[in-house]
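# Remarks on the overall topology
Residues per chain are reported as follows:
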Amino acid sequence: MSSQPIAARPAFARWLATTNDITRTFLAAGRIPGLINMAGGLPAAETYPVAELAAIACDVVAAHPQEVLGYGPVEGLPELRDALAARFGSDALPLTRANVLVTSGGMQGLDLIGKVLLDDGGLIAGQFPTYLGALDAWRPRAPTFRNLMIEDAGFDAVAALAGAQFAYTVPNFSNPTGRLVGVEARQALVDAAHRTGTWLVEDDPYGTLHYDGAPLPRMLELSARSRPSGPYDGPVIYMGTLSKEIAPGLRIGWIIAAPEMIAALTLAKQGSDLCTSGLTQRVALAALEVGLIETVQPRILATYRERRDALCGAMVEHLGGWFDWEVPVGGMFVWATARDPSLDTDLLLPHAMAAGVCVAPSSVFDASGLNRRAIRINFTLNEPAKLAEGVRRLAQALMTMQARPG
Ligand SMILES: Cc1ncc(COP(=O)(O)O)c(C=O)c1O
């Protein structure tokens, strides 16, 4: 007897029904020869500190063979947790290792938060539009989404957070929009989290990719100021990763939160992967100790600033009649909204792929899939000349779509 088809399983069918085929199309775009992939959120591989990481990796295997090749504590290497507590803590924000969980990339943090906080069909208050990976991580629980329109005038943070199992935000150069949430809105969200008791997730992979201006305070810090003494025990769950600061292949991320939350997430992690790789944790620790982030940061910022400017310049030349956008001050993306409200960017995708370019349509960043008027364009992966050519191809696709809409 053949086994029951997976698609017939109710839980899987329910999950599949909420995913978007468009996502699979653009995630596969990177493997199509000749296609300019401006859809993904990928770093420029030439910024990876290859020689430095190779030397560190050799050293840590030789110096700590049992630790890096064996299983380690679920919570992460104690020294790495201490180093992260020191990196993000201050007098105003006292952190100890009990506040820190090492995760296998930022994605695992999102998955664990869903496991701990989300009931089947539970309510998530999520910044709109929302990071696709977060939607994917939580879809198995078939949640209900309440869109947080943080940038809208009159945004009522208390009403927005009340009753939700948690709130999700990417305040620094959001994925997908590249925008910054202002200090007032951050403070309002933090105050609302304290008032309503709703956990507030601050997902921050892009915070150090700041090209103009000064960084804004983290919500974790704003939250601590209202409770000045003892290790942090507030409602913010802060998440970070080395993926954009050093290299995503390390799969090193972290969660900083109240010790009670860290203990719960640790239990969830135990049933997920037992521990993050001891090898890459040791590499990460050594990288923090020798200041590798600070060494590579100028190179990363210069490369990405130049690429952002190249993309935005090409957009002015070729896309100005079609889209509106803001030049982002950090991060990896430009979010462009069609001037014509009837332009459907899901329908633009096949035309773009036929023209040899791929961008991410807005529907994949909306749990309902209804937002189909914008595109997210990545500027970090490709060199300036390729970005310009990609934009030219996109303009060509728009003209083809206009001529042959079907
Ligand atoms: C907002 C956001 N959160 C989390 C992640 C996951 O990062 P990681 O590579 O560390 O899993 C990403 C990756 O692009 C992201 O954009």
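Heads up: these notes are all about the structure in this document. Throughout, a residue's number is its position along its own chain's written sequence, starting from 1. Since the coordinates come from a predicted model, pLDDT governs what is reported: local features require at least 70, and pairs of side-chain atoms require 80 or more to be given and counted, while whole-chain, interface and lining totals use all residues. Side-chain numbers here rest on the full set of heavy atoms in the structure, without hydrogens or water.

Right, let's get into the overall build of the chain. Check the secondary structure of the chain and you find 15 helices and 13 strands. By the compact-globule yardstick of 22 Å for 406 residues, the chain fits well, its C-alpha radius of gyration being 21 Å. With the C-alpha coordinates of the chain rotated into their principal frame, the extents come out at 65 × 60 × 50 Å. Working definition: with a 1.4 Å probe on protein chains only, accessible area under 20% of the residue-type maximum means buried, over 50% means exposed, and in between means partly exposed. Across the 406 residues of the chain, 52% fall into the buried class. Where accessible areas are quoted, they stem from the Shrake-Rupley method and a 1.4 Å probe; at the residue level, only the protein chains shown are allowed to cover. Split by element, the accessible area of the chain, about 17,000 Å² in all, is 57% carbon and sulfur. Charge convention: Lys and Arg are scored as positive, Asp and Glu as negative, and His as well as the terminal groups of each chain are ignored. To locate a charge, take atom NZ for lysine, CZ for arginine, CG for aspartate or CD for glutamate. Averaged over its 33 positive side-chain charges, the chain has a centre that lies 5 Å from the centre of its 40 negative ones. A helix here means a DSSP run of H or I that spans at least four residues, while a strand means a run of E at least two residues long, and both kinds are numbered starting from the N terminus. The size measure is the radius of gyration over C-alpha atoms, and the globule rule it meets is 2.2 Å times the number of residues to the 0.38 power.

Take the side chain of Thr103 next. Structurally, Thr103 can be placed in strand β2 (residues 100-103). Think of a polar contact as two N or O atoms within 3.5 Å of one another; within protein, one of them needs to be a possible hydrogen donor and the other a possible acceptor, and neighboring residues in sequence only count if both atoms come from side chains. There is a polar contact of 2.9 Å between the side chain of Thr103 and the backbone oxygen of Gly105.

Once that is clear, we can look at the site of the ligand. Near is defined per residue: the residue qualifies when any heavy atom it owns lies within 4 Å of the molecule or strand. Not every one of the 14 residues close to the ligand is listed here, only the nearest: Gly106, Asp203, Tyr206, Thr241 and Ser243. Interatomic distance of 2.8 Å between a side-chain N/O atom of Asn175 and an oxygen atom of the ligand. Within the complex, the protein chains bury 93% of what would otherwise be the 400 Å² of accessible surface of the ligand. By residue number, the principal contributor to the shell around the ligand is helix α6 (residues 105-117), which donates three residues. Three residue categories are used. Nonpolar comprises Ala, Val, Leu, Ile, Met, Phe, Trp, Tyr, Cys and Pro, charged comprises Asp, Glu, Lys and Arg, and polar comprises the others, including Gly. Its residues placed into classes, the shell around the ligand shows six nonpolar, five polar and three charged.

The topology assignment puts Leu381 in the loop between β13 (374-378) and α15 (384-403). Leu381 gets classed as partly exposed once you look at its relative accessible area, which sits at 27%. In this description, contact between two residues means that some pair of their heavy atoms is separated by no more than 4.5 Å. With sequence-adjacent residues up to four places away left out, Leu381 is seen in contact with Asn37, Leu42, Pro43 and Arg307.

On to the sheet that holds strand β3 (residues 123-127), then. Taken together, seven strands build an open sheet; the order of strands is β2-β8-β7-β6-β5-β3-β4 and the sheet is mixed. Only two strands of the sheet have a single partner each, and these edge strands are β2 and β4 (144-148). On average, each strand axis in the sheet is inclined to that of its neighbour by 20°, with strand direction left out of account. Helix axes are fitted to C-alpha atoms over the stretch in contact, other axes to C-alpha atoms as well, and angles between N-to-C directions run from 0 to 180 degrees. Taken strand by strand, helix α5 (residues 78-88) contacts β2, β7 (236-241) and β8 (253-256), and its axis lies near 115° from that of β2. Contacting β2, β5 (166-169), β6 (199-203), β7 and β8, α6 runs over the sheet at an angle of about 155° to β7. Paired strands, in this sense, are two strands between which DSSP finds at least two bridges.

All right, on to the packing of aromatic side chains then. Pairing of aromatic rings covers Phe, Tyr and Trp, the last through its six-membered ring, and needs centres within 6.5 Å; plane angles under 30 degrees mean stacked, over 60 mean edge-to-face, and all others mean tilted. This model, assessed by the stated rule, comprises seven aromatic pairs. Look at Phe88 and Trp254: their rings are 5.8 Å apart centre to centre, the planes differ by 45°, and that puts the pair in the tilted class. Taken as a pair, Phe88 in helix α5 and Trp254 in strand β8 lie far apart in primary sequence, 166 residues in all. In this structure, Phe88 and Trp254 share a single accessibility class: buried. Both rings, one in Trp138 and one in Phe166, keep their centres 4.9 Å apart while their planes meet at 70°; by these two values the pair is edge-to-face. Taken together, the residues Trp138 in helix α7 (residues 132-138) and Phe166 in strand β5 connect sequence positions 28 residues apart.

This next bit is on the packing of helix α13 (residues 292-319) against α15. Running from amino to carboxyl end, α13 crosses α15 at an angle of 30°, the nearest separation of the two axes being 9 Å. Looking at the two axes, α13 sits roughly parallel to α15. Along this stretch, α13 crosses α15, giving a crossing that reads as right-handed. Contacts from Glu306, Arg307, Ala310, Leu311, Ala314, Met315, His318 and Leu319 in α13 reach Pro384, Leu387, Ala388, Val391, Arg392, Leu394, Ala395 and Leu398 in α15. When its residues are assigned to classes, the contact of α13 with α15 shows 12 nonpolar, one polar and three charged. Angular relationships are summarised with four words: roughly parallel below 35 degrees, roughly antiparallel beyond 145, roughly perpendicular across 65 to 115, and oblique for the angles in between. Handedness of each helix crossing follows the sense of rotation of the near helix against the far helix: counterclockwise by less than a right angle gives left-handed, clockwise gives right-handed.

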